[in-house]
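Single-letter residue listing:
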Amino acid sequence: SPPAESLYLSLVVRPRVPAASIAPITLAVGVAVADVLAARVGERAIVAVKWPNDVLAGGRKLAGVLVEGQLRGSEVSSLIVGLGVNVHATSFPPELAARATSLALLGVTFRDRSALAAELILAMGAAVRRFEEQRLQGFLAAIAGRDALLGQAVDVAGVRGTASGIDAE
């Protein structure tokens, strides 16, 4: 994206979680990001998490979370949490225009992206610590309140159904 238009960051974390339990951490971090962005967006749009890694505002993608890990046997050595937030964009390429939004398009204006980055880093760090203690169970109520797919028709590899929510597994 053009300079100063978006916010991209990578955060290295070292959660004390067995490798077999780490996959849902993306949702935990996504909820933390959604909470921060929802506070900025206010009543302008509903901010939701779309499994597995999108943060939507008004049904359009506002941010994305990508978590990649380094494993040592059955333990997590480290995770890199990548985050991208559309901040100042006022237009998108035609193929994305109907599916993307930004804080600016939602009427949220501010000059200092570093303040937003700091707030997001603190929230993601807190989410990782909470995930260490409670796994996804500690986020289920928040996920249910922000689940963009809840009640929606879904098609996964040709299998169709209705999304009924996300559970601890």
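Predicted, not measured: the structure shown is a model, and the values here were computed from it. (Residues numbered from 1 in each chain as written. Predicted model: local features only at pLDDT ≥ 70, side-chain atom pairs only at ≥ 80, totals over all residues. Heavy atoms only, no water.)

Moving on, we get to the packing of aromatic side chains. Applying the stated criterion across every chain, the model contains zero aromatic pairs. The cationic tip of Arg-130 hangs over the ring face of Phe-139; the distance from NZ or CZ to the ring centre is 4.4 Å. (Phe/Tyr/Trp six-rings, centres within 6.5 Å; stacked < 30°, edge-to-face > 60°. Lys NZ or Arg CZ within 6 Å of the ring centre and 35° of its normal.)

Judged by nonpolar contacts, the single largest core of 50 residues is most densely connected at Val-33, Leu-37, Leu-83, Val-85, Leu-103 and Leu-116. Of all the secondary-structure elements, those providing two or more residues to this core are strand 1 (6–13), helix 1 (25–41), strand 2 (47–50), strand 3 (54–57), strand 4 (60–72), strand 5 (75–86), helix 3 (113–134) and helix 4 (140–146). Of all the elements, helix 1 adds the most residues to this core, at twelve residues. Dropping the residues within four chain positions of it, Val-85 is found in contact with Ser-6, Leu-7, Leu-37, Leu-62, Ala-63, Leu-103 and Leu-120. (Core = buried A, V, L, I, M, F, W, Y, C linked by side-chain atoms within 4.5 Å. Buried < 20%, exposed > 50% of the residue type's maximum accessible area, 1.4 Å probe, protein only. Helix = DSSP H or I, 4+ residues; strand = E, 2+ residues; numbered from the N terminus. Contact = heavy atoms within 4.5 Å.)

Our next topic: the sheet that holds strand 4. An order of 1-5-4-3-2 is seen for the five strands of this open sheet, with the pairing classed as antiparallel. At either margin of the open sheet sits one strand with a lone partner, and together these are strand 1 and strand 2. Across the sheet, the mean angle from the axis of one strand to that of its neighbour is 20°, orientation sign disregarded. As paired strands, strand 2 and strand 3 are joined by four bridges and run antiparallel to one another. The residue bridging Lys-50 from the neighbouring strand is Asp-54, located in strand 3. Along the sheet, helix 1 makes contact with strand 2, strand 3, strand 4 and strand 5, crossing strand 4 at roughly 150°. (Pairing = 2+ DSSP bridges. Axes fitted to C-alpha atoms, helices over the stretch in contact; angles between N-to-C directions.)

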